[in-house]
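Residue-level structural notes
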Amino acid sequence: MKTTDSTPGGGATFQGNGDRVVVRDLQEDGLPAVGYLRRYDGALWSTTVAGGYNTCKERSIDIPEGQKVTLTVCASRTARTSSVERPAGAA
């Protein structure tokens, strides 16, 4: 998936086999690409940030089998170039 702006600035994928999130910064616009992996009920599971044109950040997360998740990707003016993992119930 890619950001929905006219010239996509970021992309993200989730692989259920291995529980991997991959986020890519696709545009030289000064904005990092941010991927948000959430449980289907909306609780934030992890945030992955790829900062810098043509960079890629990969993250493995232990997700229980059968857990439904959603992945969102965007360009952010406020994100830092690091990754944060939170317990599934944490906000």
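Reference entry: report on the structure contained in this document. (Residues numbered from 1 in each chain as written. Predicted model: local features only at pLDDT ≥ 70, side-chain atom pairs only at ≥ 80, totals over all residues. Heavy atoms only, no water.)

This brings us to the overall build of the chain. If you tally the helices and strands in the chain, you get zero helices and seven strands. Going residue by residue from the N terminus, the α and β elements of the chain occur as β-β-β-β-β-β-β. Of all 91 residues assigned to the chain, the portion counted as buried reaches 35%. Put simply, 62% of the contacts in the chain that link residues at least 6 apart link residues at least 24 apart. With an accessible surface of roughly 5500 Å², the chain has 46% of that area assigned to carbon and sulfur atoms. (Helix = DSSP H or I, 4+ residues; strand = E, 2+ residues; numbered from the N terminus. Buried < 20%, exposed > 50% of the residue type's maximum accessible area, 1.4 Å probe, protein only. Contact = heavy atoms within 4.5 Å. Areas by Shrake-Rupley, 256 points an atom, 1.4 Å probe, with all protein chains shown as cover.)

On to the packing of aromatic side chains, then. Inspection of every chain in the model, using the stated rule, returns zero aromatic pairs. One residue, Lys68, lies across the ring of Tyr40, its end atom 5.5 Å from the ring centre. (Phe/Tyr/Trp six-rings, centres within 6.5 Å; stacked < 30°, edge-to-face > 60°. Lys NZ or Arg CZ within 6 Å of the ring centre and 35° of its normal.)

With that out of the way, let us pick up the pattern of salt bridges. Applying the stated rule across the entire model yields two salt bridges. A salt bridge links Asp41 to Arg39; the shortest N-O distance between them is 2.6 Å. For Asp41, a relative accessible area of 57% corresponds to the exposed category. (Salt bridge = Lys/Arg side-chain N within 4 Å of Asp/Glu carboxyl O.)

With that out of the way, let us pick up the environment of Val21. Structurally, the position occupied by Val21 is in strand 2 (residues 20–25). Sequence separation between Val21 and Ser46 is 25 residues, and the spatial gap between their C-alpha atoms is 9.2 Å. Apart from residues no more than four positions distant in its own chain, Val21 is found in contact with Thr13, Phe14, Leu37, Thr48, Lys57, Glu58, Arg59, Ile61 and Leu71.

Attention now goes to the nonpolar core. The biggest cluster of nonpolar side chains holds 11 residues, and these are Ala12, Val21, Val23, Ala33, Leu37, Trp45, Ala50, Ile61, Ile63, Leu71 and Val73. For this core, the secondary structure elements donating two or more residues are strand 2, strand 3 (33–39), strand 4 (44–50) and strand 6 (69–75). If sequence neighbours within four positions are ignored, Val23 has contacts with Gly11, Ala12, Ala33, Val34, Gly35, Thr48, Ala50, Thr55, Cys56 and Lys57. (Core = buried A, V, L, I, M, F, W, Y, C linked by side-chain atoms within 4.5 Å.)

Regular strands place side chains that alternate from one sheet face to the opposite one. Two strands pair when backbone bridges link them, and strand 1 (residues 10–15) and strand 2 are joined in this way by six bridges, in the antiparallel orientation. Counterpart to Thr13 in the pairing with strand 2 is Val22. Taking the residues that link successive antiparallel strands as the turn, the strand 1-strand 2 hairpin has four residues, and the phi of Gly18 there is positive, at about 110 degrees. (Pairing = 2+ DSSP bridges.)

On the basis of which strands lie adjacent, the open sheet formed by three strands has the order 1-2-5 and antiparallel pairing. Looking at strand neighbours, the two that pair on one side only are strand 1 and strand 5 (56–60), the edges of this open sheet. Within this sheet the neighbouring strands show an average axis-to-axis angle of 10 degrees, counted without direction. Where strand 2 meets strand 5, five bridges bridge the pair, whose relative direction is antiparallel. If you follow Val22 over to strand 5, its bridge partner there is Glu58. (Axes fitted to C-alpha atoms, helices over the stretch in contact; angles between N-to-C directions.)

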